[in-house]
Amino acid sequence: MAIVLSDNNGHLFADERKDRILQLIETRDKISVPELVRQFNVSPATIRNDLRELEQLGLLRRIHGGALSMDVPTVGFEKGNEMKNQKFLNQKHSIAKKAMEFIEDGDVIVLDAGTTSIELARLIHKRSNITVVVNDLDIAECFEGVDGIQVLVIGGIVRKKFHCTVGPFATKILNELIVDKVFLSTNSFSLEKGCTTPDVSQAEIKHTMAKIASKVIVLCDSSKIGANSFVQFVPITEIDVLITDHHIEEHILQKLEESGIEIIVAKGS
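Colleague: Explain the side chain of Lys181 residue by residue, including any values.
Modeller: Tracing the backbone through its elements, the reader meets Lys181 in strand β9 (residues 179-185). Overall, Lys181 belongs to the buried group, its relative accessible area being 9%. Within the local environment of Lys181, its side chain forms a polar contact with the side chain of Asp107, the two groups lying 2.6 Å apart. With residues up to four places along the chain from it excluded, the contact list for Lys181 reads Phe102, Ile103, Glu104, Asp107, Val108, Ile109, Val110, Ala213 and Lys215.

Colleague: Give me the packing of helix α2 (residues 33-40) against helix α3 (residues 44-56): which residues, what numbers.
Modeller: Where α2 contacts α3, the axes come no closer than 9 Å and their chain directions differ by 110°. Taken together, the axis directions place α2 and α3 in an arrangement best described as roughly perpendicular. With respect to the hand of their crossing, α2 and α3 are arranged in right-handed fashion. Contacts between α2 and α3 involve Val33, Leu36, Val37 and Phe40 on the former and, on the latter, Pro44, Ile47, Arg48 and Leu51. Across the contact of α2 with α3, the residue classes tally to seven nonpolar, no polar and one charged.

Colleague: How would you summarise the packing of aromatic side chains if you had to cite specific residues and measurements?
Modeller: Within the structure shown, the criterion is met by zero aromatic pairs. Directly above the ring of Phe162 sits Arg159, whose terminal nitrogen or CZ lies 3.9 Å from the centroid.

Colleague: Which residues make up the pairing of strand β6 (residues 149-153), and what values do they have?
Modeller: Looking down a regular strand, the side chains alternate between one sheet face and the other. Direction of pairing for strand β5 (residues 130-134) relative to β6: parallel, over a ladder of five bridges. Each residue of the ladder has a partner; that of Val134, found in β6, is Val153. Between the parallel pair β5 and β6, the chain is carried across by helix α7 (residues 137-142), and the sense of this crossover is right-handed.

Colleague: Which residues make up the nonpolar core, and what values go with them?
Modeller: In this structure, Leu184, Phe189, Val218, Leu242 and Leu256 are the most contacted members of the largest nonpolar core, which totals 33 residues. Elements represented by at least two residues in this core include exactly α8 (168-175), β9, α9 (200-211), β12 (213-219), β13 (231-234) and α10 (250-258). The element that contributes the greatest number of residues to this core is α9, accounting for four residues. Setting aside residues no more than four positions away along its own chain, Leu242 makes contact with Phe189, Val218, Cys220, Leu256, Ile261, Glu262, Ile263 and Ile264. Of all hydrophobic cores here, the second largest spans 27 residues; its members include Ala96, Leu111, Ile149 and Ala266.

Colleague: With reference to specific residues and values, describe the sheet that holds β13.
Modeller: In space, the three strands of this open sheet follow the order β10-β11-β13, with antiparallel pairing throughout. This sheet does not close on itself; its edge strands, each paired only once, are β10 (188-190) and β13. The average undirected angle you get between the axes of adjacent strands in this sheet is 40°. Bridge analysis of β10 against strand β11 (residues 194-197) gives three bridges, and the strand direction is antiparallel. Bridging from a neighbouring strand, Ser190 pairs with Gly194 of β11. Packed onto the sheet, α9 meets β11 and β13 and runs at close to 15° relative to β13.

Colleague: Give a description of a nonpolar patch on the surface that names residues and reports values.
Modeller: A cluster of nonpolar side chains, Leu137, Val153 and Val158, forms an exposed patch at the surface whose accessible area comes to about 230 Å². Structurally, the position occupied by Val158 is in strand β7 (residues 157-159). Residue Val158 is classed as partly exposed on the basis of its relative accessible area of 45%.

Scoring rules and cut-offs
- Each chain has its residues counted from 1, following the order in which its sequence is written.
- Reporting of local features is limited, given that this is a predicted model, to residues whose pLDDT is at least 70; pairs of side-chain atoms are given and counted only at 80 or more, and all residues count toward the totals for whole chains, interfaces and linings.
- Neither water nor hydrogens contribute to the side-chain values; these are computed over all heavy atoms in the structure.
- The secondary structure listing takes helices from DSSP runs of H or I that are at least 4 residues long and strands from runs of E that are at least 2 residues long, numbered from the N terminus.
- Accessibility here uses a 1.4 Å probe with only protein chains present; expressed as a share of the type maximum, an area under 20% marks a residue as buried, one over 50% as exposed, and anything in between as partly exposed.
- Pairs of N or O atoms within 3.5 Å make up the polar contacts considered here, provided that, within protein, one atom can donate a hydrogen while the other can accept it, and that residues adjacent in sequence are counted only when both atoms are side-chain atoms.
- Contacts are assigned to residue pairs with any non-hydrogen atoms lying within 4.5 Å of each other.
- For helices, the axis comes from a line fit to the C-alpha atoms of the stretch in contact; other axes are also lines fit to C-alpha atoms, and the angle between any two N-to-C directions lies between 0 and 180 degrees.
- What sets the label is the angle itself: under 35 degrees gives roughly parallel, over 145 gives roughly antiparallel, 65 to 115 gives roughly perpendicular, and the rest give oblique.
- Take the far helix as the reference: if the near one is turned anticlockwise from it by less than a right angle, the crossing is left-handed, and if turned clockwise, right-handed.
- Any residue that is not Ala, Val, Leu, Ile, Met, Phe, Trp, Tyr, Cys, Pro, Asp, Glu, Lys or Arg is counted as polar, Gly included; the first ten are nonpolar and the last four charged.
- The aromatic pairing rule takes the rings of Phe, Tyr and Trp, using the six-membered ring of Trp, and pairs them if the centres are within 6.5 Å, calling planes under 30 degrees apart stacked, those over 60 edge-to-face and the rest tilted.
- Remark: a charge is flagged as sitting over a ring if the NZ atom of Lys or the CZ atom of Arg is within 6 Å of the ring centre and within 35 degrees of the ring normal.
- Pairing between two strands requires that DSSP report at least two bridges joining them.
- Consider the strands pointing away from the viewer: the crossover is right-handed when the path from the first strand over the helix to the second runs clockwise.
- What makes a nonpolar core is a set of buried Ala, Val, Leu, Ile, Met, Phe, Trp, Tyr and Cys residues whose side-chain atoms join them at distances within 4.5 Å.
- Distance thresholds for patches are 9 Å for like charges and 5 Å for nonpolar side chains (Val, Leu, Ile, Met, Phe, Trp, Tyr), applied to residues having over 30% relative accessible area and no salt bridge.
- Using a 1.4 Å probe, accessible areas were evaluated by the Shrake-Rupley method; residue-level cover was limited to the displayed protein chains.
- Basic side-chain nitrogens of Lys or Arg form a salt bridge, by our definition, when they fall within 4 Å of a carboxyl oxygen of Asp or Glu.

The structure is reproduced here in structure tokens:
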């Protein structure tokens, strides 16, 4: 039977608290200071000191308002599609189902490259007379043999391991189009920087997709919120709707709602 040491007020001793913090981060990848304050009933200053000491030991990485697991990549690293496909599938499916509510018969839409966009593509057969503009080869394949959906595949340089096209040829074609809605994926999202991605060429095409659309809808599971990648492609002021999942922390949700963009929280599927 494990013995948990605490003081007379029921607070865990510092070393025990730090061990618990590491256990939480191992299961969640990311955790916030307010959440840890509630969990351990101590002050924000105490939690920040704990995180600072754990970072100095190389056990986690601090970010604004919280901390990340050391397994979470740095701002310049991007997982390939095979790695992305294995994580947060239930959340991505729930987000895709909510995104479907924004697609109407007769729409012309852009689907950005990404695993959440693939989940959305698999549902679009429920609509008719849709034109879908894509730069993702896997997404284009989803519409093979589907009646009522016209697909325009944007050519360009194929990003190996990501199955999508980028580069000046792709952005040139996009700049000649006008669409009703764009559904953007993102590697990271924060109030300060909006949507960010590790790759410059990917950022350029995402930015162009947003520019040609009347409505910008971002599909972002909660694990990506509160972090930043290398390059911004859409600031928060240019986002009309953000769709995320129900694991989003309450204090972050409140701040997003105060920013003025429409927030849709998808319930578990």
